[in-house]
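Below are the chains, spelled out letter by letter.
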Amino acid sequence: MTARHYIVRSLLHHRFAYLGVFAGAVLGATVLLGALFAGDSVKASLRRIAENRIGRATHLVSAGDRFFRQALAEDLARTAGVRAAPLLYSRGVATHATTQAAANHVQLVGVTSAFWQMAPTPPAIELTGSTVAVNTTLARRLRIGIGDTLVVRLHKPGALGGNAPVAGAESKLQSIRCTIGAIIDDASFGRFTLETTQVAMPSVFLPIEVLQESVGRPAKANVLLLEATGGRADLSHALARTLQFGDYELSLAWLEKAALFEIASDRIFIDPEVAGAVRRALPAAQPVLSYLVNELRHGERATPYSIAAGTTAAVAPFLPADLGPRDIVLNSWLAEDLQASAGDELRLTYFQAGASGALVEQNAAFRVRSIVPLEGLAADKAWMPDFPGITDTKDQSEWDPGLPLQLDRIRDQDERYWDDFQGAPKAFLSIEGARELWSTRWGNATALRISQPRARETELAATVLAELRPEMNQILLRDLRSSATESASSPVDFGGLFIGMSFFLIVAALGLVAMLFQFVLLQRNREDALLSAVGLSGRRLLRWRLVEGGVILLLGGAAGVPLAALYTQGILHYLE
């Protein structure tokens, strides 16, 4: 009989004795291999999640709580040779219309067809009208399916954040009633999110026009997804060259009555950094600071809720060149209403943000320097910027600027003035005096006026844009793929982590195997003694027993592989 035959027959004969050793080997292999498999699988899973989160996008352009033109995507694609998808990104609450099950902190993503082309596996989805798509995370949470009705609620953002004066009413709750047209899985961009997280976020994907209408930002976006082959430096340079006034939330307009250009901001106040850039590009640009005044009082007579403007004589020739910071110029309507004349003292009351951020009513005294006729440039409503809740109202009694106004104070003559002259200022201050009262952390100018021939509009725009930088409107370019790769590359060795967590179980399994193998050897003492008596050396006998044990361990390890795979799947399912 050969050694091989002996070992095989010995294993078969003592199969029940070796069964315990086999079970211990299976347990040890399951735990050890499961820990190693789980470590590698978690790393692969994190990489897969990161890839599903960003899709084919390589870079991201975002504007935070600000907005840029949706058409910037097409412009950048043309100038930089990249694929670009504009998004309008917000957050809200999604509610199942039938069961009333709700999910908070839901991603609301306004998309175009270009967005789906960025998916790891582009789906055939066409969202139109009130049809939306949801990801599987939200579908499971709300137990909704295709054809169900979903109600999405979000806050319409104001022109400015915080307690900004004349920034419009507080953000209003908007509701969108829509129908589920598709449920998006992870591979089709269901895991898309701007956050660096491995947790699937509940998401609703809407046609971008629907979300733009709800937030009051037509043709605007706040995110661009880019698929580019070039480096970040090239993209950054192309972005800076492509931005237009609308991307900085600015407008450049020709004012017929004033016969000059005006740069204004969608955010009411021009950012100080932007204003500084414009002044560097055009040193002759003159600031304008218009504001809502609660009351103008002369003695016992008072005029409620009027627009006042501070500027310079360079763009308002009807003002005295030496207008002081405590001088005020009234138009003829206000002078008649207050029975005021040059030299009289006037008290002006207004709201301003206090040290704690709360609005505080303040007042200041001025001396009437002169009175100008309510005609021509002095009667131009263009002095008033687009104040939310004021400019878009038909009657003054309908004002809703987000301030605690007592609209019952508005008189018939005030309504007639609004009907005839809209926001034409009733009083003018020097720019120094206006800034002393009305400067805010959002800026100290509501417009910049430039005396240039109308024919030079293109040249003027190019001069200003060359001085502006994307970061001045919080437009930032990020390397999205590098960020996703870093988030998936954890410094933790997951294989070592799982082995460490299973250390005592592995040691216990090895100890159990050793103990059971020792029991088998003890049971075969007589057999070993007989073999020694017939001339078999102890070294050869030990080698045979070790081979038997190795075979059992090998079989146990092989049996532990599928169990380790099941163990790994359980861990990954829990993590995902």
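Right above here is the structure, for reference.
### Some points on the overall build of the protein
Turning to step 1, where the next piece is worked out: Regarding its fold elements, the protein presents 17 helices and 20 strands.
Turning to step 2, where the next piece is worked out: Of all 576 residues assigned to the protein, the portion counted as buried reaches 50%.
Turning to step 3, where the next piece is worked out: When contacts within the protein are restricted to residue pairs at least 6 apart in sequence, those whose partners lie at least 24 apart make up 79%.
Turning to step 4, where the next piece is worked out: Entry remark: accessible area of the protein is about 26900 Å², with carbon and sulfur atoms responsible for 54%.

### What about empty space enclosed by the protein?
Gaps left between atoms are located by rolling a probe of water-molecule size over the structure's atoms.
Turning to step 1, where the next piece is worked out: According to the stated counting rule, one finds two cavities of 30 Å³ or more in the structure shown.
Turning to step 2, where the next piece is worked out: Approximately 70 Å³ is the volume found for the largest cavity.
Turning to step 3, where the next piece is worked out: Along the walls of the largest cavity sit Tyr 305, Ser 306, Ile 307, Gln 396, Trp 399, Asp 414, Tyr 417, Trp 418, Gln 422, Gly 423, Ala 424 and Lys 426, which together make up its complete lining.
Turning to step 4, where the next piece is worked out: For the lining of the largest cavity, the secondary-structure elements that each account for two or more residues are β14 (301-311) and α10 (412-421).
Turning to step 5, where the next piece is worked out: Looking at the lining of the largest cavity, its residues break down into six nonpolar, four polar and two charged.
Turning to step 6, where the next piece is worked out: One number sums up the size of the second largest cavity: a volume of about 40 Å³.
Turning to step 7, where the next piece is worked out: For the second largest cavity, the full set of lining residues is Arg 66, Tyr 248, Glu 249, Leu 250, Ser 265, Arg 267, Phe 269, Ile 270, Asp 271, Val 274 and Asn 473.
Turning to step 8, where the next piece is worked out: For the lining of the second largest cavity, the class distribution of residues is five nonpolar, two polar and four charged.

### Thoughts on the packing of aromatic side chains
Turning to step 1, where the next piece is worked out: Enumeration according to the criterion identifies 16 aromatic pairs in this entry.
Turning to step 2, where the next piece is worked out: Ring geometry for Phe 115 versus Phe 192: centroids 5.2 Å apart, planes at 80°, classification edge-to-face. Of this pair, Phe 115 sits in helix α4 (residues 113-116) while Phe 192 sits in the loop between β7 (173-184) and β8 (203-207), and the two are 77 residues apart along the sequence. We note that Phe 115, like Phe 192, is buried.
Turning to step 3, where the next piece is worked out: The interplanar angle of 90° and the centroid separation of 6.5 Å between the aromatic rings of Phe 318 and Trp 383 together place this pair among those described as edge-to-face. One end of the pair, Phe 318, is in the loop between β14 and β15 (327-331); the other, Trp 383, is in the loop between β17 (359-372) and α10, and 65 residues separate them in sequence.
Turning to step 4, where the next piece is worked out: Taking the relative accessible area as the measure of exposure, Phe 318 reaches 21% and is therefore partly exposed.

### With respect to the packing of helix α3 (residues 72-80) against helix α7 (residues 232-242)
Turning to step 1, where the next piece is worked out: Viewed as axis vectors pointing N to C, α3 and α7 meet at an angle of 125°, and their least axial separation amounts to 10 Å. The orientation of α3 with respect to α7, classified from their angle, is oblique. The handedness of the crossing between α3 and α7 is right-handed. Mapping the contact onto sequence places Leu 72, Asp 75, Leu 76, Thr 79 and Ala 80 in α3 and Leu 235, Ala 238, Leu 239 and Thr 242 in α7.
Turning to step 2, where the next piece is worked out: Looking at side-chain class alone, the contact of α3 with α7 contains six nonpolar, two polar and one charged residues.

### Quick notes on α10
Turning to step 1, where the next piece is worked out: Along α10, the residues classified as buried are Asp 414, Glu 415, Tyr 417 and Trp 418. Angular distribution of buried residues about the axis of α10 spans 160°; they occupy a single face of the element. Exposed and facing more than 90 degrees away from the buried side of α10 are Asp 412 and Asp 420.
Turning to step 2, where the next piece is worked out: Each element contacted by the buried residues of α10 is listed here: β14, β15 and α9 (332-338).
Turning to step 3, where the next piece is worked out: Just downstream of α10, Gln 422 is the residue with a positive phi angle, here 50°.

### A few points about the pairing of strand β13 (residues 286-298)
Turning to step 1, where the next piece is worked out: Burial analysis of β13 places twelve of its 13 residues in the buried class, the great majority of the element.
Turning to step 2, where the next piece is worked out: Pairing of β13 with strand β19 (residues 447-450) involves three bridges; the strand directions are antiparallel. Within β19, the residue paired with Val 288 across the bridge is Ala 447.
Turning to step 3, where the next piece is worked out: Bridging between β13 and β14 involves nine bridges; their strand directions are antiparallel. Paired with His 298 across the bridge in β14 is Arg 301.

### A few points about the environment of Ala 85
Turning to step 1, where the next piece is worked out: Along the chain, the position of Ala 85 falls in strand β3 (residues 83-96).
Turning to step 2, where the next piece is worked out: C-alpha of Ala 85 to C-alpha of Trp 116: the two residues are 31 residues apart in sequence and 8.8 Å apart in space.
Turning to step 3, where the next piece is worked out: Dropping the residues within four chain positions of it, Ala 85 is found in contact with Ala 114, Phe 115, Met 118, Val 223, Leu 224 and Leu 225.

### Re the environment of Ala 275
Turning to step 1, where the next piece is worked out: Tracing the sequence through the fold places Ala 275 in helix α8 (residues 272-281).
Turning to step 2, where the next piece is worked out: Residues Ala 275 and Asn 444, 169 residues apart in the sequence, show an inter-C-alpha distance of 9.0 Å.
Turning to step 3, where the next piece is worked out: Sequence-distant contacts of Ala 275, that is, excluding residues within four places in its chain, are made with Ile 270 and Leu 448.

### Describing α8
Turning to step 1, where the next piece is worked out: Among the residues of α8, Val 274, Ala 275, Ala 277, Val 278 and Ala 281 are the ones counted as buried. Seen along its axis, α8 keeps its buried residues to an arc of 160°; they face one direction.
Turning to step 2, where the next piece is worked out: On its buried face, α8 is in contact with β11 (250-255), β12 (260-265), β19 and α12 (457-467).

### Some words on the side chain of His 96
Turning to step 1, where the next piece is worked out: When you line up the elements, His 96 lands in strand β3.
Turning to step 2, where the next piece is worked out: His 96 gets classed as buried once you look at its relative accessible area, which sits at 4%.
Turning to step 3, where the next piece is worked out: For His 96, the contacting residues outside a window of four places in its chain are Ala 101, Leu 142, Arg 143, Ile 144, Asp 148, Thr 149 and Leu 150.

### Describing the packing of α8 against α12
Two quantities define a packed helix pair, namely the angle between the axes and the distance from one axis to the other.
Turning to step 1, where the next piece is worked out: At a minimum axis distance of 8 Å, the contact between α8 and α12 shows a crossing angle of 125°. By the angle class used here, α8 and α12 are oblique. Regarding α8 and α12, the two cross each other, and that crossing is right-handed. Contacts between α8 and α12 pair Ala 277, Val 278, Arg 280 and Ala 281 from the former with Thr 463, Val 464 and Glu 467 from the latter.
Turning to step 2, where the next piece is worked out: The residue makeup of the contact of α8 with α12, split by class, is four nonpolar, one polar and two charged.

Conventions and cut-offs
- Residues numbered from 1 in each chain as written.
- Predicted model: local features only at pLDDT ≥ 70, side-chain atom pairs only at ≥ 80, totals over all residues.
- Heavy atoms only, no water.
- Helix = DSSP H or I, 4+ residues; strand = E, 2+ residues; numbered from the N terminus.
- Buried < 20%, exposed > 50% of the residue type's maximum accessible area, 1.4 Å probe, protein only.
- Contact = heavy atoms within 4.5 Å.
- Areas by Shrake-Rupley, 256 points an atom, 1.4 Å probe, with all protein chains shown as cover.
- 1 Å grid on protein atoms, 1.4 Å probe; cavity = no way out; pocket = protein on both sides within 12 Å on 5 of 7 lines; lining within 4 Å.
- Points joined across faces, edges and corners; volume = space filled by probe spheres on them.
- Nonpolar A, V, L, I, M, F, W, Y, C, P; charged D, E, K, R; others polar.
- Phe/Tyr/Trp six-rings, centres within 6.5 Å; stacked < 30°, edge-to-face > 60°.
- Axes fitted to C-alpha atoms, helices over the stretch in contact; angles between N-to-C directions.
- Parallel < 35°, antiparallel > 145°, perpendicular 65-115°, else oblique.
- Left-handed = near helix turned anticlockwise from the far one by under 90°.
- Arc of directions from axis to C-beta.
- Pairing = 2+ DSSP bridges.

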